[in-house]
Amino acid sequence: MTHLYDLLISPFIEFAFMRRALAGCLALALGSGPVGLFLVMRRMSLMGDAMSHAVLPGAAVGFMVAGLSLPAMSLGGFVAGVLVALLAGLATRFTTVKEDASFAAFYLLSLAVGVLLVSRNGSNVDLIHILFGSVLAVDDAALLLVSGVASFSLVVLAIIYRPLVLESLDPVFLRAVGGKGGIWHLAFLMLVVLNLVAGFQALGTLMAVGLMMLPAITARLWVPSIGRMLAFSVGLAFVCGIGGLLLSYHFELPSGPAIILLAGLFYLLSLFVAPLGGALPRYIRARHLES
Amino acid sequence: MSVRVENLTVSYLRHPAVHHASGSFAEAEATAIFGPNGAGKSTLLKTMIGALKPDSGHVNLGPFKRKDIAYLPQQSEIDRTLPVSVHDLVATGLWHQTGVFGKVGRKQRAKIQEALQAVGLVDFAERPISALSTGQFQRVLFARILLQDAPLILLDEPFNAVDAKTTYDLLELVRRWRDEGRTVIAVLHDYEQVRAYFPYTLLLAREIVAWGKTELVLTDLNLRRAAETAAHWHERAPVCRVDEEAV
């Protein structure tokens with residue numbers, strides 16, 4: 001019993017930085033989980049990745065102006081991300097370029113600007129920090145940012161939930177009843193950018209996408225309805241957060257990859273055993289019903 | 001006063017899909033839109049609901065407003081992989097009542113149940129839409145239209161790949177809507193369905209070939225003309241001068 005306590009509980013009791021990281025993970029799970037689920041449902045699973053690259057030049061500009069300052073880098077990242085989302089959205093609307101192609105083009109442009117800025121004005125250490133972050137180094141300001149973004153995301157998602165689902169399900173119908181699909185879509189893309197920016201101090205831009213997507217993709221394999229998938233992906237993201245922190249504490253691993261690898265492991269396992277979409281349950285069929 | 005199209009042209013990449021079409025739909029009646037593939041039938045419906053912008057001319061909805069339209073999209077436009085239940089999909093028919101925030105209460109639930117009953121899917125409410133057959137799904141979409149309770153009903157190829165029994169049941173719903181004084185406009189591909197259930201027909205082959213009582217429109221001569229028009233579309237067509245000549 002004491003062994004289990006030492007393993008799971010005492011790291012968080014003994015160390016303030018672990019408690020802070022735990023709170024950060026909870027906030028990230030609450031914000032990123034639902035956003036990721038909507039990305040998956042809208043068949044935009046790779047969009048999170050694209051957007052995570054798109055925020056880089058903004059963060060770099062923030063760094064150049066104010067050094068390693070979280071508000072400056074976050075604001076820069078947010079502005080760059082929203083700019084890419086807006087430009088890609090406009091290009092999709094007014095030309096024949098499809099949305100995925102348009103996003104690919106603009107995020108690559110943005111990424112190139114970002115790498116140029118970082119390599120001219122920063123050191124590699126800074127770049128690595130932006131790309132990989134560290135949840136164990138989360139300070140009060142970062143914690144406030146992450147939890148603020150999570151709260152804001154949940155409120156906005158609650159507001160735009162119905163039209164957002166309908167726009168994914170049946171866009172022509174939404175237009176026919178006079179709903180403006182574009183506005184909801186744009187609001188949603190802003191949430192994606194916000195959550196990536198929030199995740200970036202804790203996990204880095206690349207790892208933040210992992211916490212957003214992996215639990216959401218896994219959720220679809222386990223539960224049938226949107227409501228339950230939302231709960232599942234938040235829960236799984238948080239569990240992976242706790243587990244990853246403990247792994248990183250006990251084995252001295254970097255925390256970001258530990259969290260994402262745990263989520264990835266769960267995904268791999270689900271591919272085989274998940275009742276709804278997994279491979280094995282589809283082979284080992286339960287006996288069919290009468291009607 | 002009824003729904004009218006006035007010198008309507010809608011095009012894709014400058015090639016008109018509907019070309020200088022004018023006329024009016026019979027009110028409180030059922031009109032079939034008939035014609036070869038690529039004749040602009042779906043384009044016309046989409047322009048009527050405002051999803052496409054005309055190059056010139058316009059659709060005059062007459063006594064109706066946009067929210068008086070119930071529209072049945074082609075099934076391919078709906079993402080059926082989403083984890084949504086039959087009940088929830090039908091409930092979207094209440095959009096004008098509920099909007100973004102409104103509650104679906106007991107009264108609305110009863111109405112949804114009633115609509116599912118009318119299309120013979122009362123036991124299917126909690127099924128995910130991904131588990132339905134094409135015919136069952138079409139019944140669900142008709143249930144949504146029942147719920148919308150709209151005076152103007154537009155159906156885009158409602159019976160594609162739908163079995164005979166389902167087609168018959170749904171056509172009976174069309175007859176019921178007509179009897180209730182609703183205006184029904186449907187894109188169809190089957191002569192017999194048109195003759196049996198649609199007193200009026202618009203024969204469209206990018207341009208209007210004929211428009212009026214079904215027995216006068218669906219003649220061999222008209223159908224041949226529609227097929228010929230369809231066969232004469234050019235990649236390098238010259239710029240159309242009809243509007244300038246009219247001025």
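Residues numbered from 1 in each chain as written. Chains lettered and ligands numbered in written order. Predicted model: local features only at pLDDT ≥ 70, side-chain atom pairs only at ≥ 80, totals over all residues. Heavy atoms only, no water.

The name given to chain B in an unreviewed UniProt entry is Zinc/manganese transport system ATP-binding protein, and the organism recorded there is Pseudogulbenkiania subflava DSM 22618. Entered under Sequence similarities (unreviewed entry) in the UniProt record, the comment concerning chain B runs "Belongs to the ABC transporter superfamily." (UniProt positions renumbered as here; feature names shortened; annotations may be inferred.)

Named according to an unreviewed UniProt entry, chain A is Zinc/manganese transport system permease protein originating from Pseudogulbenkiania subflava DSM 22618.

Attention now moves to the overall build of chain B. Scanning chain B from terminus to terminus reveals ten helices and nine strands. Computed over its C-alpha atoms, the radius of gyration of chain B comes to 19 Å, within 12% of the 18 Å expected for a compact globule of 247 residues. Buried residues in chain B amount to 51% of all 247 residues. A sequence separation of at least 24 residues applies to 70% of the contacts in chain B between residues at least 6 apart. (Helix = DSSP H or I, 4+ residues; strand = E, 2+ residues; numbered from the N terminus. Rg over C-alpha atoms; globule rule 2.2 N^0.38 Å. Buried < 20%, exposed > 50% of the residue type's maximum accessible area, 1.4 Å probe, protein only. Contact = heavy atoms within 4.5 Å.)

Turning next to the side chain of K41 of chain B. Residue and element names in this part refer to chain B. Structurally, K41 is set in helix α1 (residues 41–48). Here K41 occupies a buried position and makes no salt bridge, while the nearest side chain of opposite charge, E157, is found at 4.8 Å. If sequence neighbours within four positions are ignored, K41 has contacts with I33, F34, G35, P36, V187, H189 and L204. (Lys, Arg positive; Asp, Glu negative; His and termini not counted. Salt bridge = Lys/Arg side-chain N within 4 Å of Asp/Glu carboxyl O.)

Attention now goes to the packing of aromatic side chains. On inspection of all chains with the given rule, the structure shows ten aromatic pairs over all chains. Ring geometry for F38 of chain A and F188 of chain A: centres 6.0 Å apart, planes at 65 degrees, overall edge-to-face. A residue pair is termed long-range when its members are at least 10 positions apart, and F38 of chain A in helix α3 (residues 16–41) and F188 of chain A in helix α11 (residues 181–202) qualify at 150 residues. Here F38 of chain A falls in the buried class, since its relative accessible area comes to 1%. Pairing F142 of chain B with W177 of chain B gives two aromatic rings, centres 5.6 Å apart and planes at 5 degrees, and the pair type is stacked. Taken as a pair, F142 of chain B in helix α5 (residues 134–148) and W177 of chain B in helix α6 (residues 164–179) lie far apart in primary sequence, 35 residues in all. For the residue pair F142 of chain B and W177 of chain B, the accessibility class agrees, reading buried in each case. Aromatic ring contacts, followed pair by pair, group F15, F17 and Y249 of chain A into a single cluster. (Phe/Tyr/Trp six-rings, centres within 6.5 Å; stacked < 30°, edge-to-face > 60°.)

Next up on the list: helix α6 (residues 70–94) of chain A. Compared with the 36 Å implied by 1.5 Å per residue over 25 residues, the 36 Å span of α6 of chain A between its first and last C-alpha is a close match. Considered for burial, the residues of α6 of chain A that qualify are L70, M73, S74, G76, G77, A80, G81, V82, V84, A85, A88 and A91 of chain A. (Expected span 1.5 Å × (residues − 1).)

Here the focus is the packing of α3 of chain A against α11 of chain A. All names here are of chain A. One can describe the packing of α3 onto α11 by two numbers: an axis separation of 10 Å at closest approach and a directional angle of 140 degrees. On the basis of the axis angle, α3 is oblique to α11. Crossing of α3 over α11 shows left-handed handedness. Where α3 approaches α11, its residues L28, G31, S32, V35, F38 and L39 are matched on the opposing element by F188, L191, V192, N195, A198, G199 and A202. (Axes fitted to C-alpha atoms, helices over the stretch in contact; angles between N-to-C directions. Parallel < 35°, antiparallel > 145°, perpendicular 65-115°, else oblique. Left-handed = near helix turned anticlockwise from the far one by under 90°.)

Attention now goes to the pairing of strand β3 (residues 30–34) of chain B. Residues and elements named next belong to chain B. Where burial is concerned, most of β3 is hidden: five out of the five residues are buried. Judged from the four bridges that link them, β3 and strand β7 (residues 183–187) form a sheet pairing that is parallel. Its bridge partner lying in β7, A32 is registered against A186. Sheet topology note: the β3/strand β8 (residues 200–205) ladder contains four bridges and is parallel. Bridged to F34 within β8 is L203. (Pairing = 2+ DSSP bridges.)

All names here are of chain B. The phi dihedral of H20 falls on the positive side, at around 45 degrees, and the residue is not glycine. In this structure, H20 sits in strand β2 (residues 15–24). A positive phi angle, near 50 degrees, is found at D149, a position not held by glycine. Turning to its location among the elements, D149 is positioned in the loop between α5 and β6 (152–156).

This brings us to the pattern of salt bridges. Oppositely charged side chains can form a pair if their charged atoms are brought close together. Residues and elements named next belong to chain B. For the coordinates displayed, the defined rule picks out twelve salt bridges over all chains. Of the charged contacts in the structure, one is a salt bridge between D169 and K165, with a shortest N-O distance of 2.8 Å. Here K165 and D169 lie together in helix α6, a separation of four residues that amounts to about one turn. With relative accessibility at 22%, the residue D169 sits in the partly exposed group.

The subject of this paragraph is the interface of chain B and chain A. For interface size, the figure often reported is the accessible area lost on association. Between chain B and chain A, the contact holds 27 residues from the first and 24 residues from the second. Summed over both sides, the interface between chain B and chain A buries roughly 2200 Å², with carbon and sulfur atoms accounting for 63% of that surface. Per-residue buried area on chain B facing chain A is highest for L82, P83 and W95 of chain B; these three make up 29% of the total on that side. Put simply, chain B and chain A have two salt bridges between them. The interface formed by chain B and chain A includes seven residue pairs in polar contact (both at pLDDT 80 or more). The leading source of residues in the side of chain B that touches chain A is helix α3 (residues 95–98) of chain B, at three residues. By residue class, the composition of the side of chain B that touches chain A is 14 nonpolar, nine polar and four charged. (Buried area = accessible area lost by both parts, 1.4 Å probe. Polar contact = N/O pair within 3.5 Å; in protein donor to acceptor, adjacent residues only side chain to side chain. Nonpolar A, V, L, I, M, F, W, Y, C, P; charged D, E, K, R; others polar.)

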